[in-house]
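Letter by letter, the chains look like this.
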Amino acid sequence: LDSIDGKHARRTQSSTPLGELFDHGLDSWATSIFVLSFFSVCSRDNGKTGVSVYTMYIYLSIVLFNFMCSHWEKYNTGVLFLPWGYDISQVVLIAAYLLTGTVGVEVWQKPLLFGYYITDVLVILLIGFSLFLSFPQTLYNIHRAHLKKTLKNDSLYEGLLPLVSPLLLFVLLTVWVVLSPSNILAKQPRLFLWMVGVAFSNVICKVIVCQMSGTRPELFHWFLFPLALVVYAAISGLLGCMEEAVLGIFTALVTAAHVHYGVCVGRQLSEHLNIYVFSLKKRVQE
């Protein structure tokens, strides 16, 4: 149903910025949940089969990077050129669920060809498509808009501004993963990857709002400051055995903040546009 919501909104003459934010905002969160569910199907590495937690993190980072590039592209061009890989990824995910349901989880635990597992092939394809198809296409579309003089932002600084917070977020998280004294990703993979997805979603939602309203995104998202403190305390050994507990607390706070942000923005937009969030009826003007 993901590709028909816009068509239905236009058919019912109910297309609004609220619908756009609702769609892409939820997509930015669901993307990480889809990746988590996929790795739940494949199972975690047990020394012989399965996927390592570090592969999960890399896979999730690449998927989120592609999502970020699409909306960075729209911020600069005003057009959302969703790469063909977006639809392919959904088809592959559905096929993976159907294959697992039909054959069983054993299909992920047997070599496919030349000793490579299906998950190995998928990761290689994902990296290849991202580096050699999706990202180059994004750069090409921005360059083409520059040649046509249709770019929304004239300066290089303004054009690159939406990338600062997502990239710093990725750097901080990667530092935590690599230098964690307790190997936090291996101990709490689901919790950590959930936190990554929520934090990324909030950063991207603010970029989407800026793109829709023609405003400048903030240079440093506020999530970066508490995250930097947590990462420093973790890798320096200050947290000690409390690292997992602090991860849980930080994840809960980030999730609550993201939900609060979504509810508040949804209510404000619905009141401003005189519409309801889940109904085609107009609000009664007071």
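Quick notes on the rules
- Residues numbered from 1 in each chain as written.
- Predicted model: local features only at pLDDT ≥ 70, side-chain atom pairs only at ≥ 80, totals over all residues.
- Heavy atoms only, no water.
- UniProt positions renumbered as here; feature names shortened; annotations may be inferred.
- Helix = DSSP H or I, 4+ residues; strand = E, 2+ residues; numbered from the N terminus.
- Rg over C-alpha atoms; globule rule 2.2 N^0.38 Å.
- Buried < 20%, exposed > 50% of the residue type's maximum accessible area, 1.4 Å probe, protein only.
- Contact = heavy atoms within 4.5 Å.
- Areas by Shrake-Rupley, 256 points an atom, 1.4 Å probe, with all protein chains shown as cover.
- Lys, Arg positive; Asp, Glu negative; His and termini not counted.
- Charge placed at Lys NZ, Arg CZ, Asp CG, Glu CD.
- Expected span 1.5 Å × (residues − 1).
- Phe/Tyr/Trp six-rings, centres within 6.5 Å; stacked < 30°, edge-to-face > 60°.
- Core = buried A, V, L, I, M, F, W, Y, C linked by side-chain atoms within 4.5 Å.
- Axes fitted to C-alpha atoms, helices over the stretch in contact; angles between N-to-C directions.
- Parallel < 35°, antiparallel > 145°, perpendicular 65-115°, else oblique.
- Left-handed = near helix turned anticlockwise from the far one by under 90°.
- Nonpolar A, V, L, I, M, F, W, Y, C, P; charged D, E, K, R; others polar.
- Salt bridge = Lys/Arg side-chain N within 4 Å of Asp/Glu carboxyl O.

- Named according to an unreviewed UniProt entry, the protein is EPT1 Ethanolaminephosphotransferase originating from Chaetops frenatus.
- What UniProt states about the protein under its Sequence similarities (unreviewed entry) heading is, verbatim, "Belongs to the CDP-alcohol phosphatidyltransferase class-I family."
- Recorded in UniProt for the protein, the comment headed Subcellular location (unreviewed entry) runs: "Membrane".

## Looking at the overall build of the protein
Piece 1. Across its full length, the protein carries ten helices and zero strands.
Piece 2. The C-alpha atoms of the protein give a radius of gyration of 20 Å, which matches the 19 Å a tight globule of 286 residues would have.
Piece 3. Along the three orthogonal principal directions, the C-alpha set of the protein runs to about 60 × 45 × 45 Å.
Piece 4. Per-residue burial over the protein gives 42% buried out of 286 residues.
Piece 5. For the protein, restricting intrachain contacts to residue pairs at least 6 apart in sequence, the fraction spanning at least 24 positions comes to 75%.
Piece 6. Roughly 16,200 Å² of accessible area belongs to the protein as shown, and the carbon and sulfur atoms make up 68% of that amount.
Piece 7. Computing the positive centroid from 19 side-chain charges and the negative centroid from 17, the protein places the two 5 Å apart.

## Some words on the UniProt feature "transmembrane region" (unreviewed entry) in the protein
Piece 1. Residues annotated in UniProt with the feature "transmembrane region" (unreviewed entry) correspond here to residues 51–69, 81–100, 112–135, 156–179, 191–209, 221–239 and 245–263.
Piece 2. Note that residues 221–239 is 63% helix and 0% strand, and that its end C-alpha atoms are spaced 24 Å apart.

## Describing helix α9 (residues 224–235)
Piece 1. Its twelve residues place the ends of α9 16 Å apart at the C-alpha level, agreeing with the 16 Å of an ideal helix rising 1.5 Å per residue.
Piece 2. The complete set of buried residues in α9 reads Leu 224, Leu 227, Val 230, Val 231, Ala 233 and Ala 234.
Piece 3. As for α9, its buried residues are in contact with α6 (156–179) and α10 (243–272).

## Notes on the packing of aromatic side chains
Piece 1. Under the criterion given, the structure shown has twelve aromatic pairs.
Piece 2. Measuring from centroid to centroid gives 6.3 Å for Tyr 57 and Phe 170, while their planes differ by 5 degrees, and the two rings are stacked. Of this pair, Tyr 57 sits in helix α3 (residues 53–77) while Phe 170 sits in helix α6, and the two are 113 residues apart along the sequence.
Piece 3. The partly exposed category is assigned to Phe 170, whose relative accessible area is 38%.
Piece 4. Taking 5.3 Å as the distance between ring centres and 70 degrees as the angle between the ring planes, the aromatic pair formed by Trp 176 and Phe 192 counts as edge-to-face. Separated by 16 residues along the polypeptide, Trp 176 in helix α6 and Phe 192 in helix α8 (residues 189–213) bring together distant segments of the chain.
Piece 5. The exposure class assigned to Phe 192 is buried, which follows from its relative accessible area of 0%.

## Description of the nonpolar core
Piece 1. By size, the foremost hydrophobic cluster in this structure holds 66 residues, and its most contacted members are Phe 38, Tyr 57, Trp 108, Leu 169, Leu 173, Trp 176 and Phe 192.
Piece 2. In terms of residues, this core owes the most to one element, α3, which gives twelve residues.
Piece 3. Residues contacting Trp 176, with those up to four places away along its chain left out, are Ile 184, Phe 192, Met 195, Leu 227, Val 230, Val 231, Ala 234, Ile 235, Glu 243 and Leu 247.

## Describing the environment of Arg 144
Piece 1. Structurally, the position occupied by Arg 144 is in helix α5 (residues 118–147).
Piece 2. Among the residues examined, Arg 144 registers a relative accessible area of 30% and is labelled partly exposed.
Piece 3. Between the C-alpha atoms of Arg 144 and Leu 122, which are 22 residues apart in sequence, the distance is 31 Å.

## A closer look at the packing of α8 against α10
Piece 1. Running from amino to carboxyl end, α8 crosses α10 at an angle of 30 degrees, the nearest separation of the two axes being 9 Å. Regarding the angle of α8 to α10, the classification is roughly parallel. For the element pair α8 and α10, the recorded crossing hand is left-handed. Together, Leu 191, Phe 192, Trp 194, Met 195, Val 198, Ala 199, Ser 201, Asn 202, Cys 205, Lys 206 and Val 209 of α8 and Leu 247, Gly 248, Phe 250, Thr 251, Val 254, Thr 255, His 258 and Tyr 261 of α10 make up the contact between the two elements.
Piece 2. A breakdown of the residues in the contact of α8 with α10 according to their chemical character gives twelve nonpolar, six polar and one charged.

## Observations concerning the pattern of salt bridges
Should their charged atoms come close, side chains of opposite charge can pair.
Piece 1. As enumerated under the stated definition, the model contains four salt bridges in all.
Piece 2. For Lys 74, the salt bridge is made with Glu 20, and the minimal N-O distance between the two is 2.3 Å. With Lys 74 in helix α3 and Glu 20 in helix α2 (residues 17–42), the pair connects residues that are 54 residues apart, well separated along the chain.
Piece 3. Between Lys 187 and Glu 244 there is a salt bridge, with its nearest N and O atoms 3.8 Å apart. Here Lys 187 is found in helix α7 (residues 184–187), whereas its partner Glu 244 is found in helix α10, with 57 residues between them in sequence.
Piece 4. You can call Lys 187 partly exposed: its relative accessible area is 46%.
Piece 5. The partly exposed category is assigned to Glu 244, whose relative accessible area is 30%.

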